[in-house]
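Below are the chains, spelled out letter by letter.
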Protein chains: 2
Amino acid sequence: MAASNQSPVVTVRCRGEWEEGVRTRLQIRRFAPLRSDEPEQLGGTDQGPNPMEYILAALNGCVSVMLHMVARELGFAYEGVELEAEGDIDVRGLQGVPGVRPHFQAVRQRVRVTTSEPPERLALLKETVESRCPVANLLKDAGANLTATWVSV
Amino acid sequence: MAASNQSPVVTVRCRGEWEEGVRTRLQIRRFAPLRSDEPEQLGGTDQGPNPMEYILAALNGCVSVMLHMVARELGFAYEGVELEAEGDIDVRGLQGVPGVRPHFQAVRQRVRVTTSEPPERLALLKETVESRCPVANLLKDAGANLTATWVSV
């Protein structure tokens, strides 16, 4: 990650190296290497999450970042957040069947916020997060039918 | 990941739990938990990749999967693949500045394939992978200006 003092643009990077079959070693900065693979039913050795699972991890992580940032702006108090995301993929798309979207047909996210704030404040938090969250907007702009349900507990 | 014998649709999942600040613990199936965070300049503790870095990891992993799959279909022989991805983010988008796309302004990928196949076969491999790769199509459909350069070595 690199950002200058002048520019609002940051550049992020990742390197990858094919291991064998559909398994790849992934390196982000100084962090421990990640591995992506596929389950055996999709031709892999299942030694790591598959790429679309990493997209859902990014979605959960990004909504959590934005929730923290927007909550500070709104003075919204919370003590915990749990996130669940699931996405449907029609594998005929990646197999090359014309007319089938290769990425998500639909993505559903559930967000449980531990808070005593009232429902209208939670709704404002959700709306503001969703309007600004990079990964949520990536999915929405791609037509991936993202729907999110936020509840307070 | 769940797939029935009848349906071409698979569903992938990820769970997340907020740790503190902008740091989140992410769980995919039985794999070791991941962590997403932000660098200190973006308000985090930098204990893990940030969400947009996970998106680039997914891109590298997914292109590698598709390369293997399509190479088998084409009878394309290769001995190695190295992938580099970088993406530009204008942070004014996530800060709520209207009219600024919150996700990638541009994504560049370089793919080095160790092969003795001729350039036109590499071009066919690239074109076929890009037309079917879930993550590449997610970025393209979202208007993230993905450009890829493939070379043989």
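**Thoughts on the overall build of chain A**
Helix and strand counts for chain A come out as 3 helices and 7 strands. Each principal axis of the C-alpha distribution contributes one length, and for chain A these read about 50 × 40 × 25 Å. Expressed as a percentage of the 153 residues in chain A, the buried residues total 57%. Across chain A, the fraction of contacts at a sequence separation of at least 24, relative to all contacts at a separation of at least 6, is 53%. Summing over all exposed atoms, chain A offers an accessible surface of approximately 6,400 Å²; the carbon and sulfur share of this is 48%. Where the 17 positive side-chain charges of chain A centre and where its 20 negative ones centre are 6 Å apart.

**Thoughts on the side chain of Glu38 of chain B**
For Glu38 of chain B, the position within the fold is in the loop between β4 (34-36) and α1 (51-74). Despite its burial, Glu38 of chain B pairs with no opposite charge; the closest candidate is Arg29 of chain A, at 6.8 Å N-O. In this structure the side chain of Glu38 of chain B is engaged in a polar contact, spanning 3.1 Å, whose partner is the side chain of Asn50 of chain B.

**Some thoughts on the interface of chain A and chain B**
When the parts of a complex come together, some accessible area is lost, and that lost area is often taken as the interface size. Facing 82 residues of chain A, the contacting portion of chain B comprises 82 residues. Buried area between chain A and chain B, both sides added, is near 7,000 Å², and the carbon and sulfur share of it is 65%. When the shortest N-O distance is used, the salt bridge between Asp46 of chain A and Arg29 of chain B registers 2.9 Å. In this structure, the connection of chain A to chain B is made through 36 residue pairs in polar contact (both at pLDDT 80 or more). Breaking the side of chain A that touches chain B down by element, the ones donating at least two residues are β2 (9-20), β3 (23-27), β4 (34-36), α1 (51-74), β5 (80-90), β6 (104-114), α2 (119-132) and α3 (134-141) of chain A. Grouping the amino acids of the side of chain A that touches chain B by side-chain chemistry returns 42 nonpolar, 21 polar and 19 charged. Pairing analysis gives 9 bridges linking β5 of chain A to strand β2 (residues 9-20) of chain B, with the strands arranged antiparallel. Bridge pairing links Ile89 of chain A to Val10 of chain B in β2 of chain B.

The rules behind these values
Residues numbered from 1 in each chain as written. Chains lettered and ligands numbered in written order. Predicted model: local features only at pLDDT ≥ 70, side-chain atom pairs only at ≥ 80, totals over all residues. Heavy atoms only, no water. Helix = DSSP H or I, 4+ residues; strand = E, 2+ residues; numbered from the N terminus. Buried < 20%, exposed > 50% of the residue type's maximum accessible area, 1.4 Å probe, protein only. Contact = heavy atoms within 4.5 Å. Areas by Shrake-Rupley, 256 points an atom, 1.4 Å probe, with all protein chains shown as cover. Lys, Arg positive; Asp, Glu negative; His and termini not counted. Charge placed at Lys NZ, Arg CZ, Asp CG, Glu CD. Salt bridge = Lys/Arg side-chain N within 4 Å of Asp/Glu carboxyl O. Polar contact = N/O pair within 3.5 Å; in protein donor to acceptor, adjacent residues only side chain to side chain. Buried area = accessible area lost by both parts, 1.4 Å probe. Nonpolar A, V, L, I, M, F, W, Y, C, P; charged D, E, K, R; others polar. Pairing = 2+ DSSP bridges.

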